[in-house]
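# Commentary on secondary and tertiary structure
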Amino acid sequence: MTEKKKVGEEEMTFFHPDLFEVPEGEPPYLKGYQCKKCGKIWFPKFLPCPNPDCWSEEMETIKLSRRGKIYSATDVYIGQPTMREYMPMVMAYVDLPEGVRVFTQLEGKIGSFRCGDEVELIAGPIRDNRKNQPIIGYKFKKVS
Amino acid sequence: MLMRDVYIIGVGEVVFGMLKDDFHILGQKAVRAAIEDAGISWREIQSAFVGNGTNGITTGQRVFRDLGMCGKLPIINVESACSAGALAVHCAYIRVATGLDEISIGVGTENASLHREPGSAPSPDMTDIEGFLGAVMVAKYGLRAQRYMYETGATMEDLAQVTIKNRRHAANNPYAWRKGKITVEEILNSRMIATPLTLEQCCGMTDGAGAVVVASEEVVKRLGIGRPVRIAASTVVSGPFNVGPKDETGDDIVTLGTNKAYEESGIGPEDIDMVECHDAFTISEILYYEAMGFCGKGEGLRMLRDGDVTQGGKVVFSPRGGMLSYGHPMGASGAAQIVQNVRQLRGQCTGYQVEGAKTAMSQVTGGGLQGTQHAACTTHILSI
């Protein structure tokens, strides 16, 4: 597959200010987007509101719950060619109470995650940029 | 708008595998075989649709230029990830059904092995958030398999039965890549890709091509085809989108697409004799028994265990061997499925024939897109 080069992508080190907040001295959180007109909640960021009967361009940023439940998890051994150093890794769908499902990497031991496990949000490296620097993004780990 | 009946008058495919011929040469071989099978002149084809995923732009013109057919007919390139080959046939079908053309051709072709990086897995586009976070298609199906096992108690040994069945089906199919006996141990001991899916539970990234010539009833009569294969349904749907929880052991877009095909054809699951589905991974086929309405929720495994989906059973799934035997060249599979279904209905599949088959369904999904289960799904029902 050809990978198109986007301006600035080679230097990205944080994924992504629109989606993820890591406040100083406080636990990180994901940013959901609630439509001011129809009230639907979206993640990641969409503009306009993807409700086709709405399409409003007025969205409100909301703080999503830091804890969720694993819907399913898989240990991935063969992944994308530019992520070889990160393999094996755990990938999962995590369901948040706001009715949003998030695809995410999990931090923790391979083989240790089960459907239904409670997890909480952390920050961690998710892949490297084109300069081989880690990009910090959102991940989940088991609730201790 | 009044839609005419459309028939398939010619089919052609290449032997699938890791091939040295690039996509356009594979496409040419399939096209020539289909034209010969139809018994028509190349001049009679009025439009061509070529489905492909990764081989670049102007892929259709690359196929037809070296056959001297560029300049003689409109050639339209079709993209829909893994659904492209069937979508190309759908587009050819529409040209004839609406009366625009008397004869059209749909082609699916792909060469992955000459161009892809070995030892890596296909992923959604990098502009898709899941792709950026590292998603690969095998992982997305791994998630579905893990959930199915959690909900039903299915085991990896159960999933392996799909590979065993499909490779057995392909044993006498000259076009299949991998075929014949394989054991549960061999399947489960093969390299783990994304739990619970080991290498032999995944379709290979092979190369191949298929071509399908479609025509009106008038052409069928002129050619004197006594028992023509009719396209009873040709449907295309896009993936329902929402960012909330979905039932990943169901498949909303496949249910949508196949229901649309049942309605369009007036032929329901109880009347379908065989299905070529998107068995890119063992779990896929099991989920599709359920999503396509051949059994109830959670009953897919029972169908497999009871022999309902193999030769002699209620509905033979993957009589050609499926993607687990052919591998899955992205743009080619959707067309190749239809080619084999036509051969089955004509009774031309010596050694792997579905006896007395009157109806055949084929289905391919395309693309992983965040918030959808697949981006596209193309379904065909054929009858004779």
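## Quick look at the interface of chain B and chain A
- The interface of chain B with chain A comprises 42 residues on the first partner and 40 residues on the second.
- Summing the contributions of chain B and of chain A, the shared interface buries around 3500 Å²; its carbon and sulfur component is 64%.
- It is Phe132(B), Leu133(B) and Leu143(B) that lose the most area in chain B upon contact with chain A, and together they represent 23% of the buried surface on that side.
- For the pair chain B and chain A, the interface holds 0 salt bridges.
- Our count for the chain B to chain A interface comes out at 15 residue pairs in polar contact (both at pLDDT 80 or more).
- Within the residue set of the side of chain B that touches chain A, elements represented by two or more residues are helix 4 (129–132), helix 5 (137–152) and strand 5 (192–194) of chain B.

## Observations regarding the environment of Asp5(B)
Residues and elements named next belong to chain B.
- Its location among the elements puts Asp5 in the segment before strand 1 (6–13).
- Judged by relative accessible area, Asp5 falls into the partly exposed class, the value being 34%.
- Residues Asp5 and Ser216, 211 residues apart in the sequence, show an inter-C-alpha distance of 6.6 Å.
- Aside from chain neighbours lying at most four places away, what touches Asp5 is Ala215, Ser216, Glu217 and Arg230.

## Topic: empty space enclosed by the protein
- Under the defined criterion, the tally for this structure stands at 3 cavities of 30 Å³ or more.
- Estimates place the volume of the largest cavity at around 180 Å³.
- The element that contributes the greatest number of residues to the lining of the largest cavity is strand 7 (residues 100–107) of chain A, accounting for 3 residues.
- Residues of the lining of the largest cavity, tallied by class, amount to 11 nonpolar, 5 polar and 5 charged.
- For the second largest cavity, the calculated volume is near 80 Å³.
- Every residue lining the second largest cavity is listed: Tyr93(A), Met137(B), Lys140(B), Tyr141(B), Arg144(B), Glu248(B), Thr372(B), Gln373(B) and His374(B).
- When its residues are assigned to classes, the lining of the second largest cavity shows 3 nonpolar, 3 polar and 3 charged.

## Describing the packing of helix 6 (residues 156–169) of chain B against helix 10 (residues 282–291) of chain B
Residue and element names in this part refer to chain B.
- The contact between helix 6 and helix 10 brings their axes to 8 Å, and the two run at 95 degrees. It follows from the interaxial angle that helix 6 and helix 10 lie roughly perpendicular. Contacts between helix 6 and helix 10 involve Leu159, Val162, Thr163, Lys165 and Asn166 on the former and, on the latter, Thr282, Ile283, Glu285, Ile286 and Tyr289.
- Taken together, the residues of the contact of helix 6 with helix 10 sort by class into 5 nonpolar, 3 polar and 2 charged.

## Considerations on unusual backbone geometry
- Here Phe15(A) and His16(A) are connected by a cis peptide whose omega angle stands at 0 degrees.
- Of note in this structure, Ser318(B) is not a glycine but carries a positive phi near 65 degrees.

## Brief notes about the state of the cysteines
- The final tally for this structure, using the stated rule, is 0 disulfides over all chains.
- Note on Cys49(A): no disulfide assigned, nearest cysteine sulfur contributed by Cys38(A) at a separation of 3.7 Å.

## Here we look at the nonpolar core
- Phe15(A), Leu30(A), Tyr138(A), Met292(B) and Phe294(B) are the most contacted members of the largest nonpolar core, which has 98 residues in total.
- Ranked by residues supplied to this core, first place goes to helix 5 of chain B with 8 residues.
- Setting aside its immediate chain neighbours within four residues, Phe15(A) contacts Phe20(A), Ile126(A), Ile135(A), Ile136(A), Gly137(A), Tyr138(A), Ile129(B), Phe132(B) and Leu133(B).
- Of all hydrophobic cores here, the second largest spans 35 residues; its members include Ile45(B), Ile75(B), Val220(B) and Ala332(B).

Cut-offs applied
- Residues numbered from 1 in each chain as written.
- Chains lettered and ligands numbered in written order.
- Predicted model: local features only at pLDDT ≥ 70, side-chain atom pairs only at ≥ 80, totals over all residues.
- Heavy atoms only, no water.
- Contact = heavy atoms within 4.5 Å.
- Buried area = accessible area lost by both parts, 1.4 Å probe.
- Salt bridge = Lys/Arg side-chain N within 4 Å of Asp/Glu carboxyl O.
- Polar contact = N/O pair within 3.5 Å; in protein donor to acceptor, adjacent residues only side chain to side chain.
- Helix = DSSP H or I, 4+ residues; strand = E, 2+ residues; numbered from the N terminus.
- Buried < 20%, exposed > 50% of the residue type's maximum accessible area, 1.4 Å probe, protein only.
- 1 Å grid on protein atoms, 1.4 Å probe; cavity = no way out; pocket = protein on both sides within 12 Å on 5 of 7 lines; lining within 4 Å.
- Points joined across faces, edges and corners; volume = space filled by probe spheres on them.
- Nonpolar A, V, L, I, M, F, W, Y, C, P; charged D, E, K, R; others polar.
- Axes fitted to C-alpha atoms, helices over the stretch in contact; angles between N-to-C directions.
- Parallel < 35°, antiparallel > 145°, perpendicular 65-115°, else oblique.
- Disulfide = S-S within 2.5 Å.
- Core = buried A, V, L, I, M, F, W, Y, C linked by side-chain atoms within 4.5 Å.

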